[in-house]
Structure formats: structure tokens, C-alpha cells
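# Descriptive analysis of the structure
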Amino acid sequence: MARMRNAQDELAGYLKSRHQLISRLQAWRAGPDRILALLQQAAGTRHEEALRLGDPHVTEDSAVWTRIFARLVNWNARFPYGDGDCTEKDAREAVNLAREFDAVERLETALAIDGFSVTKTSGIFRLTITQNPAIEAADLMLEMLTSPQEYPDTRGSEVNVWLHRLANGTPTTRIPTNVLRSAARWGRGAIEAYRAALPEGGLPDAFALSGRLNVGNAVQYWAVLVGLCHLLDRIAAITPNTWPTLMTMHKDAVAARLVDAVGDGADLSVAQEVIDLATFAPGASPLASPLIPCGDRLIVCPALVNPIGIERLLLRAVASDPSRSGKLGQDLGRRAGEWGQFLRGIPGVLVATDTKVKKPGGGRAGDLDVVVVDPSARVGLCLEVKWPIDAQSLGESMKVVEVIEKGARQLDRLRSFLATGEAVYDFPPGWPRLEDIEWTWGVGTPQQLYAAKLPVPDIHVTSLRYITQLPKPATLSQLISAITRPSWPQKDLHFEIRPMRTQIGRIWIEQETIACGRLLRWSPRYPEGSF
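Residues numbered from 1 in each chain as written. Predicted model: local features only at pLDDT ≥ 70, side-chain atom pairs only at ≥ 80, totals over all residues. Heavy atoms only, no water.

Below, the discussion takes up the nonpolar core. Counting residues in each nonpolar core, the largest one holds 86 residues, and the members touching the most others are Leu11, Leu39, Phe69, Leu127, Leu476 and Ile504. Setting aside residues up to four positions removed in sequence, Ile504 forms contacts with Tyr14, Leu15, Arg18, Glu100, Ala103, Val104, Leu107 and Ile509. (Core = buried A, V, L, I, M, F, W, Y, C linked by side-chain atoms within 4.5 Å. Buried < 20%, exposed > 50% of the residue type's maximum accessible area, 1.4 Å probe, protein only. Contact = heavy atoms within 4.5 Å.)

Shown next, in the form of C-alpha cells:
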């Protein structure tokens, strides 16, 4: 055990030492335009590698490159500006380090969640999974369900006609409005395809974001950015030049292009609000705020914009502003009704949401977010509903874990108070008494599962995405059995454990990873004998 701890401490120390290299980068000596030089270097490298590998749509390792671009933006925001230009050599050095940090951050997160044991043999650090890998495999497989069954087609569109002319040598300095509108329609179709594919359901169009923005009108203008970036990648695939891999425009010009692309009924002030929401600021995530300021212009970076998880991106962008995040959290917290809607479909049950629990003197003790009982079977389920914004990065995954654990502690405190018999609660008329029911307690999320051990006993974690993939429950008891005894994919039948070897500086690391997709398909099922 001591040897294992020493190996883990040695690895953690080495990874920490790599962070010192960030502040030593020569790029930070340059002036405000350095971010453009850094992103141009990354875009050029990505483009050249894609063409060399024969990837026609520049999609190789797209998630990795997205993180690289985001990392460069975040690093740039940490350091004061110097003077002069950022040289190609300095930009290349920064991009190379950002690529290395994809492995550094992945390993640091693995150590932080305490999900791996670390040993060192033959000079190689070896990370072995210690938590149940089947839960993470289930998470990955359920995430695959969010891929649309149908995707918008561009054949015969103005986009393809214009691209064909461009490929045949027709010169251009500007994307025509009709082509941009066609690309925007593709972007809207792609976004809606992903929204419709969410098994747990998405946010309604009327869900308020900020100011005049709601999900519906924000998506309308965000779709233009998605379509534009898809178009820029398509252009990059047919030209040896790297100019389409980035675009810089003044904020007012971006707003005007968004209005032109939306067409009839477009509102310039709403377009400007979307641009404000999508503009990066220190502390925000470039994945949610992908328009990067550079002097009086904004950099449109295709690697940071895509149609996947648009609601998550919008929520992240709003949540990055402390003046708006509190109300957003309250609005998301009220989505307990979606759990109630699902549970009301079970025969013979009573469902209540947002049940107030008070102290004997009238003070508030807390809320029971969702309570469902089967009076005939004398069983009940009480859920503390948490609606964390789905993680876009490894660091944000840690925040989701914290939200789930906080929910478990809240529910445990309320459960203990209810057990004293002093609690005052307002179940609807005709409900059985609390003490007459055999209760199961859980934390419910929209899609996130939980692989670690909760800090409190006898509380379970489940997700709306997981339970909606089960056959419709015949009884509440059957659903409870699926929550307390969930089914998981089986190793070597539904997923594999594969070693992944990485070099960081002077050390080598071999980490166990979970691979899905080539084996039998898995879906949740009820435990045997449940009814």
C-alpha cells in the first residue's frame, strides 16, 4: 500500500510540475493579438494533419482539438499582455504544450476522483481502475442514445452548389447571404435533431435564459454560428489554405450576419444578446462562449462550435455570470415536475412534488422534491432532484459529483429529521402516513450516474435518462428495485478494458480505459424476480 501511495504521489507531483511550463511560455510576452496567433497556429496544425490523413471534413480527434483550442483560450486569459507579436515558434510551442495537457488533465482528474490505483513497474506508471467500470460504461452507452437517428441533409442545397463552384476555382471573398441562410437552416436542423434525441427530454423553448433570451430564440441565432462553422470546415476541406479555419469580425458585423441569416422576423437586439452570451470572458468556458475577443474583433473558431448539447452550452454560458446564475439554478431546480410526470405513469401510485417540511415552530426544514407512494403495496420513493448542467470538461465532471453528494447529504438530514416524528409536512389529502410506508431514498439527476461511494448510507443515485430506457414499470416496487439494484453492462460482453499508453515529458503512463461500441448493445433492465 505504501509503495502504491508513493507511486501516486510521485505521479501527482510530476503532473503538478508540468503546470510550471505554462507560465514560462514565450507567447505571453506578446501583445493582445497573441490569441489570434495561437488559434491560427492550432487551426493550421489541425488542418494540415487532417489533409495529410485524408480526412475530408477535418473531424479527426475533434473532441481532442476542441479541448486544445479551449485550453489555449483559457491560458491566454490568465496572463497580462506584453508587447509585440507572437512568433510562429512561440505559438507552436504553446500549441504543443496544450496538446500534452490533454493527457495531463485527464490523469489529474483520474487521481482526484480516487478511481484508480497507481503502481510503478519497469519505470512505467500504471493506473488500474478501482471503481466499478460498468457504471462509467453505462454512462457512455446511455450518452450514445443522444445521437440523432436522422441528420439534416445538405444535398442540393445552396451550400453544396456554392462549394462545388468554389472547388472548381470560382474566387470569393465573402460568403453570400443565401449560402449563409442555407447553412443556418442546416445548423438549426442539426441542433433540433440533437434536442429531440435526448431520452430525458430537453428544455422548453420558453425556458428563460437572460434578458429577452429564452432557449427558443437563442437557438434560432446560435444555429447561424453552428451553420457558419460547419460551412467553414467544409471550405477548409476543399482548399489548401487555412483562412477558413478561423474568421475574425467586428461584433456589430457578426450581429448583422446573424440577422441576415435568420431573415424575416430577425431582431438585431436579440442577435446582440446572443453574441454577448456567446462571447468569452475570463472565468467562462470557451466551449459555451466560443466567440473569442481579440481587440475590437471577435474570433469565430469552428473547433469550438457544434450542434451537440446546445442546451448545456446555453446554460453554461448563463451560469458563468454570477448575477444570472442564482436564478438559473432556481429555474432548473423546479424541473422536478419532469420526474413527477414520468412517475405518474406507474399504475396505482400517488405523486407529489415540492412538499414543504417544517419544524414544530413553523420554520422551514426543507423540501421533498418528489414523493411517490403505492398505498396498496405500502412502499414509497423520495427523490432529491438535482439538475446539474452536464459537464463539458473533466473539471466540470468534478462539480457534478459535488452536486450529487450535496444532494445526498441534504436528503439524509431531512430523512433524519422526519424520523424524529417532529416534522410537519403537507402531504395531499388521502395520503397514507409517513410512518406507514417503507421508504426508499434517492438522488435523481437528468442524465448523470454516480460511480463512487456516497458519503451517507442507504441513499441511491439514478438518472431520468437511465430509468426512461427501462420498459415501462408495472408497479412502483419494480421501479424501486431497478434503482436499488441497477443493471449494468458486463465486461467483455458489452465493454472492454484496454490499456492506453501516454508519454508526458520524460515519463510514460499506462492507464486502463473503457471501450464501448464493438460488442453487444446494452440497455437497462429490471432485476430478476422484480414485479
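Side chains Met247 and Met249 project from strand β5 (residues 247-250) onto a buried face, and the interleaved Thr248 and His250 project onto a face without burial. Across four bridges, β5 lies against strand β7 (residues 297-300) in antiparallel orientation. In the strand pairing of β7, Thr248 is matched with Ile299. (Helix = DSSP H or I, 4+ residues; strand = E, 2+ residues; numbered from the N terminus. Pairing = 2+ DSSP bridges.)

Before going further, it helps to spend a moment on the packing of helix α7 (residues 158-167) against helix α9 (residues 215-236). Two measures define how a pair of helices packs: the angle their axes make with one another and the distance between the axes. Two numbers describe how α7 lies on α9: the axes approach to 11 Å, and their chain directions differ by 30°. What the angle tells us is that α7 and α9 run roughly parallel. Considering how the two elements wind past one another, α7 and α9 form a crossing that is right-handed. Where α7 approaches α9, its residues Val159, Asn160, Trp162, Leu163 and Leu166 are matched on the opposing element by Leu231, Arg234 and Ile235. (Axes fitted to C-alpha atoms, helices over the stretch in contact; angles between N-to-C directions. Parallel < 35°, antiparallel > 145°, perpendicular 65-115°, else oblique. Left-handed = near helix turned anticlockwise from the far one by under 90°.)

Either a parallel or an antiparallel arrangement is found when strands of a sheet pair, and the pairing is made through backbone hydrogen bonds. Within the open sheet, the three strands sit side by side as β5-β7-β6. Their pairing is antiparallel. Two strands close off the open sheet at either side, each with one partner strand: β5 and β6 (291-294). If you compare each strand with its neighbour and ignore which way they point, the axes differ by 35° on average. Where β6 and β7 come together, four bridges link them in antiparallel fashion. Counterpart to Leu291 in the pairing with β7 is Val300.

Evaluated as defined, the whole model comprises seven aromatic pairs. Taken together, the ring pairs in this structure connect Tyr425, Phe427 and Trp431 into an aromatic cluster. (Phe/Tyr/Trp six-rings, centres within 6.5 Å; stacked < 30°, edge-to-face > 60°.)

Below, the discussion takes up empty space enclosed by the protein. In total, this model carries two cavities of 30 Å³ or more according to the counting rule given. There is about 50 Å³ of room inside the second largest cavity. Taken together, 10 residues line the second largest cavity, and the ones lying closest to its centre are Ala43, Arg46, Phe69, Asp233 and Thr245. Tallying contributions element by element places helix α3 (residues 34-53) first for the lining of the second largest cavity, with three residues. Tallied by class, residues from the lining of the second largest cavity come to six nonpolar, two polar and two charged. (1 Å grid on protein atoms, 1.4 Å probe; cavity = no way out; pocket = protein on both sides within 12 Å on 5 of 7 lines; lining within 4 Å. Points joined across faces, edges and corners; volume = space filled by probe spheres on them. Nonpolar A, V, L, I, M, F, W, Y, C, P; charged D, E, K, R; others polar.)

Ordered by their spatial adjacency, six strands build an open sheet running β11-β8-β9-β10-β12-β13, and the pairing between neighbours is mixed. Among the strands making up the open sheet, the edge pair consists of β11 (424-425) and β13 (460-463). In this sheet, β11 lies alongside strand β8 (residues 350-358) in antiparallel orientation, the contact comprising two bridges. Bridge pairing in β11 links Val357 to Tyr425. Contacts from helix α17 (residues 476-484) reach β9 (364-374), β10 (379-385), β12 (438-445) and β13 within the one sheet, and its direction differs from that of β10 by about 50°.

Structurally, Pro499 can be placed in strand β14 (residues 495-504). Overall, Pro499 belongs to the exposed group, its relative accessible area being 59%. As a C-alpha pair, Pro499 and Gln511 span 12 residues in sequence and 5.4 Å in three-dimensional space. The residues touching Pro499, leaving out its near neighbours within four places in the chain, are Glu510, Gln511 and Glu512.

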